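As a plain string of letters, each chain reads:
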Amino acid sequence: VQLVESGGGLVQAGGSLRLSCAASGRTSAMGWFRQAPGKEREFVAAIGRNGGSTNYADSVKGRFTISRDNAKNSVYLQMNSMKPEDTALYYCAVQIPWRPPTTRENDYPYWGQGTQVTVSS
C-alpha cells in the first residue's frame, strides 16, 4: 500500500486546512498522526473501513474531523479552529486489517511521507 498526503501549508491561528491522503492498494481502517519538532509522533484521528466509527485525540476533538471516500480510496482530515500547537508534520497511515480504528502506531504498518502544517499565532 502506498500513501500520498497533500493539503498542508501555512495558516493563521483560528483558520482551517483540509488534508487529503490518497492510497493505492487495499485499505482497512486509516488514521492520521502528527509529529512536532522535538516531540514524538502522536495519534490524531482514525476512521474505520466503512467510515462508521471514528476515534480522536482529546486535543483535537471538536475541531478536527476525519472522513473517507472509499470510491476514491482516500481519507481526509478537516482541521478547524487551528492553534499554533497543531504545527507538525502530518502523516496518514493504514491499519492492520479487520480491527476497529485504534490509536496505536504499531497497528499501522503502512505510512505516507507526511505533509507539513504550520499554524502562525
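Above this note sits the structure.
Throughout what follows, the structure given in this document is the object of discussion. In this numbering scheme, every chain counts its residues from 1 along its sequence in written order. Confidence filtering applies because this is a predicted model: local features only for residues at pLDDT of at least 70, side-chain atom pairs given and counted only at 80 or more, and all residues used for totals across whole chains, interfaces and linings. Derived side-chain values reflect all non-hydrogen atoms in the structure, with water molecules and hydrogen atoms excluded from consideration.

**Here we look at the state of the cysteines**
Condition: For the purposes of this analysis, a disulfide is any pair of cysteine sulfur atoms at a distance within 2.5 Å. Think of it this way: any DSSP run of H or I at least four residues long counts as a helix, any run of E at least two long counts as a strand, and we number them from the N terminus. Whether a residue is buried, partly exposed or exposed follows from its accessible area with a 1.4 Å probe, protein chains only, as a fraction of its type maximum: under 20%, in between, or over 50%, in that order.
A full pass over the atoms with the stated rule returns one disulfide. Disulfide pairing places Cys21 opposite Cys92 at an S-S distance of 1.8 Å. Pair noted here: Cys21 is in strand β3 (residues 17-24) and Cys92 is in strand β9 (residues 88-94), with a separation of 71 residues, a long-range link. Comparing Cys21 with Cys92, the two get one shared label, buried.

**Focus: the sheet that holds strand β1 (residues 2-6)**
Within a sheet, neighbouring strands are paired by backbone hydrogen bonds and run either parallel or antiparallel to one another. Quick reminder of the rule: Two strands qualify as a pair provided DSSP detects at least 2 bridges between them. Only the stretch in contact is used when fitting a helix axis, every axis being a line fitted to C-alpha atoms; angles between N-to-C directions are given from 0 to 180 degrees.
Pairing is antiparallel across the open sheet formed by four strands, whose spatial order is β1-β3-β8-β7. Each end of this open sheet is capped by a strand with a single partner; those strands are β1 and β7 (64-69). Pairwise comparison of adjacent strand axes, ignoring direction, gives a mean angle of 15° for this sheet. Where β7 and strand β8 (residues 74-79) come together, six bridges link them in antiparallel fashion. Paired with Arg68 across the strands is Val75, a residue of β8.

**A look at the environment of Gly15**
As a reminder of what qualifies: Here, residues are in contact when the closest pair of their heavy atoms is within 4.5 Å.
Summarising the element assignment, Gly15 is placed in the loop between β2 (9-12) and β3. When the C-alpha positions of Gly15 and Ser81 are compared, they lie 5.5 Å apart, and in sequence the two are 66 residues distant. If near-sequence neighbours (up to four positions away) are discounted, Gly15 is found in contact with Met79, Asn80, Ser81 and Met82.

Functional significance is not addressed by these values, which are geometric in nature.
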